[in-house]
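Okay, here's what each chain looks like letter by letter:
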Amino acid sequence: MARPNDFITFQICNEPIVVVHGDDGKLRAFSNVCRHRGMLIAEGRGNKSRLVCPYHNWSYDSRGRLAGAPGIAEREDFDRAACRLPEFACTVWLGFVFVSLAANPLPLAPQLVELEAAVRPYHLEQMSLRYLANETWDTNWKCLMENFMEGYHLTPLHRDTLHP
């Protein structure tokens, strides 16, 4: 179950994204880049009340607002309220989270209406993530995919583990 301040990071078309479950219950997608010097502000997933840039410790709250800028005094030429993480359109559809980089994306649900009848019976919105891993395999991806798509090789190749 998602909790306030849960976050997860990923990329869309080389754009670093952080999706945060806000303290107000709303899911939001932001640029995962500090407004000060362009560093990534979050990695992986977790739960933090503030996303803090590791370079100069600028911090942002779960609504993308600048929460702290150490060493930056009040200045007439810097509006803290206007300094916030760029926000992207974020929609939850049947348990799936969709993020769009488009300035004004069309509503998602009407575009998926024909798919809804096939997906809804699985109640994916009731499921939760239990395990997530990123792995890099030094292999030929075509051979890897072919091996995972057919089980014909299992008995002869894995005889000791499958048929002791």
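Refer to the structure printed above.
Cut-offs used in this document
- Residues numbered from 1 in each chain as written.
- Predicted model: local features only at pLDDT ≥ 70, side-chain atom pairs only at ≥ 80, totals over all residues.
- Heavy atoms only, no water.
- Pairing = 2+ DSSP bridges.
- Helix = DSSP H or I, 4+ residues; strand = E, 2+ residues; numbered from the N terminus.
- Axes fitted to C-alpha atoms, helices over the stretch in contact; angles between N-to-C directions.
- Buried < 20%, exposed > 50% of the residue type's maximum accessible area, 1.4 Å probe, protein only.
- Salt bridge = Lys/Arg side-chain N within 4 Å of Asp/Glu carboxyl O.

### Section: the sheet that holds strand β1 (residues 6-12)
Spatial ordering of the open sheet is given by β4-β1-β2-β3-β8-β9, a layout of 6 strands whose pairing is antiparallel. Only two strands of the sheet have a single partner each, and these edge strands are β4 (45-47) and β9 (96-100). Between one strand and the next, the sheet's axes are offset by a mean angle of 25°, whatever the strand orientation. Relative to β4, β1 is paired through 3 bridges, and the arrangement is antiparallel. In the strand pairing of β4, D6 is matched with N47.

### Brief notes about the pairing of strand β2 (residues 15-21)
With 6 of its 7 residues buried, β2 lies for the most part within the structure. Of the pairings in the sheet, the one linking β1 to β2 comprises 6 bridges and is antiparallel in character. Bridging from a neighbouring strand, I8 pairs with V19 of β2. Connecting β1 to the next strand, β2, in antiparallel fashion are 2 residues, including C13 with a positive phi near 50°. Judged from the 5 bridges that link them, β2 and strand β3 (residues 27-31) form a sheet pairing that is antiparallel.

### Quick word on the pattern of salt bridges
Overall, the coordinates contain 8 salt bridges when judged by the stated rule. Put simply, D61 and R65 hold a salt bridge, and the shortest N to O gap is 2.7 Å. D61 gets classed as buried once you look at its relative accessible area, which sits at 11%. We classify R65 as partly exposed; its relative accessible area is 37%. The partner of E116 in a salt bridge is R120, and the shortest N-O contact between them spans 2.4 Å.

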